[in-house]
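Results of the structural survey
As a plain string of letters, each chain reads:
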Amino acid sequence: MRSHPARGAVIWLLLAPSLSLAAPSPASSSAALGLRWSDPGSLSPTTEAEFDARLSERLGHAAFDATVSEQALSVVWQGSAEQCQVELSLVHGAEVQGTRLLQSPSGDCSSLVPALLTVAALLVEAQQAQPAPTATPAEAPPPPPPPPAASVSVAPERASPLVLVSLGGAVASGFAPKVELAPAAAIVWVPWAPLRVGAEGELFFAHQYGNGPGFSLAHDRLALLLCGMPQQGNVALGLCANFAYHRSTTEGISLAHAETHDANTFSVGAGLRAEWRLTSHLWWVAHAGADVALRQLYFYYTPSPGGEVTLFRQQRVMPQALLGLTLELP
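Just so you know, these numbers come straight off a predicted model, no measurement behind them. (Residues numbered from 1 in each chain as written. Predicted model: local features only at pLDDT ≥ 70, side-chain atom pairs only at ≥ 80, totals over all residues. Heavy atoms only, no water.)

Topic: helix α2 (residues 48–59)
- When the terminal C-alpha atoms of α2 are compared, their 16 Å separation across twelve residues agrees well with the 16 Å that a helix rising 1.5 Å per residue should span.
- The set of residues buried in α2 consists of F51, L55, S56 and L59. Looking straight down α2, one finds its buried side chains confined to an arc of 125°; they lie on one side. Summarising the geometry of α2, the exposed residues directed more than 90 degrees from the buried face are A49 and E57.
- Turning to α2, the residues buried within the fold contact β1 (34–38), β2 (71–80) and α3 (113–128).
- Backbone geometry just after α2 places G60 at a positive phi near 85°. (Helix = DSSP H or I, 4+ residues; strand = E, 2+ residues; numbered from the N terminus. Expected span 1.5 Å × (residues − 1). Buried < 20%, exposed > 50% of the residue type's maximum accessible area, 1.4 Å probe, protein only. Arc of directions from axis to C-beta. Contact = heavy atoms within 4.5 Å.)

Structure representation (structure tokens):
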């Protein structure tokens, strides 16, 4: 993420060629400025008084004069919470002398505040640096036409691509007689902010089922993920599809000839994914959904007289959930 000084440097570079646009017209009689604040949609993460105080602290003197109304800096919050922007204008009466438009592609209004303070400081300093006009009104040249609106984009806090590495636990039911628990790990690549591509794996603990004869069942799962995350920000939500490989390992209990067997099956599934930021590079990630087996397994033993005794048949659907602490890698 860019620091505020770096963001300020970018804005200086963008605005340096056009600082002259902020100069008052010769019709101005004073370098003092008033403040016109407008936030009809209640989008601003700061208040008019807090903005005035922080800007004055940055300039080292009072930024605005409450007694001045003719010459003013206009600050208007526009857009919506999903596409926030703020417009700054130097006005003299009803005449607009210059306009700057700050936009946040991420939709985060709070990320506009540092850029807003920087641009406002440039405009106020340029305005107050102008000497009082000495020419008579008859000698004054006509005011220049209003300049076109300039746009300064604020870089999103979270750049892509990213890699999200998760470690946590998982719970599942349906592919074993009882609820299964497992340590889990996942790695997800983010080639584009609303897209996730990756893999996750679980090693479900072995459990014994039945008494003399019975069996011990261990279950491993490896899945490929493809997720769409339409909601972005510090809390992201989306839907995932997966294709998974399952390996079941069984061992007979109290049988005359105990043997160990492996059985494999595949499944397809879908689920919900949620990501919420704890710190700049640490997240919680949760995934809840269900796998549908492409081929059901059943477990049995053969008694001495012959035939088969079924111990357990897998369910077609396996609900499962995963929760992991996640590290964000650039």
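Considering the environment of G214
- With respect to the helices and strands, G214 occurs in strand β9 (residues 214–231).
- For the pair G214 and G252, spaced 38 residues apart in sequence, the C-alpha separation works out to 6.0 Å.

As for the packing of aromatic side chains
- Under the defined criterion, the tally for this structure stands at five aromatic pairs.
- Centroid distance W37 to F51: 5.3 Å. Interplanar angle 45°. Geometry classified as tilted. With a gap of 14 residues between them, W37 in strand β1 and F51 in helix α2 connect regions that are remote in the sequence.
- Here a set of aromatic residues connected by ring pairs shows up, and it is made of W37, F51, F64 and W77. (Phe/Tyr/Trp six-rings, centres within 6.5 Å; stacked < 30°, edge-to-face > 60°.)

Section: the nonpolar core
- If you look at the biggest cluster of nonpolar residues, it comprises 27 residues, and the most contacted ones within it are F51, L55, F64, L73 and L88.
- Secondary-structure elements contributing two or more residues to this core are α2, β2, β3 (83–92) and α3.
- Those residues in contact with F51, other than ones at most four positions away along the chain, are L35, W37, T46, F64, V75, L116, L117 and A120.
- Formed by seven residues, the second largest nonpolar core is a distinct cluster that contains A176, L217, F299 and F312. (Core = buried A, V, L, I, M, F, W, Y, C linked by side-chain atoms within 4.5 Å.)

Points about the environment of Y245
- For Y245, the position within the fold is in strand β10 (residues 235–253).
- Separated by 21 residues in the primary sequence, Y245 and L224 place their C-alpha atoms 9.0 Å from one another.
- Filtering out sequence-adjacent residues up to four positions away, Y245 remains in contact with D220, R221, L222, N264, T265 and F266.
- In this structure the side chain of Y245 is engaged in a polar contact, spanning 2.8 Å, whose partner is the side chain of N264. (Polar contact = N/O pair within 3.5 Å; in protein donor to acceptor, adjacent residues only side chain to side chain.)

Some details on a nonpolar patch on the surface
- Residues L222, F243, Y245, F266, V268, V292, L294 and V317 make up a contiguous nonpolar surface patch of roughly 660 Å² in combined accessible area.
- If you list the elements that add at least two residues to the nonpolar patch, you get β10 and β11 (260–277).
- Here V292 shows up in strand β12 (residues 282–293). (Patch = residues over 30% accessible without salt bridge, like charges linked within 9 Å, V, L, I, M, F, W, Y side chains within 5 Å. Areas by Shrake-Rupley, 256 points an atom, 1.4 Å probe, with all protein chains shown as cover. Salt bridge = Lys/Arg side-chain N within 4 Å of Asp/Glu carboxyl O.)

Side note on α3
- Here α3 spans 22 Å end to end across 16 residues, near enough to the 22 Å set by a 1.5 Å rise per residue.
- Counting buried positions over the 16 residues of α3 gives 14, a clear majority of the element.

Some details on the pattern of salt bridges
- The final tally for this structure, using the stated rule, is eight salt bridges.
- Several salt bridges converge on common partners, so that one network encompasses E200, E202, R221 and D291.

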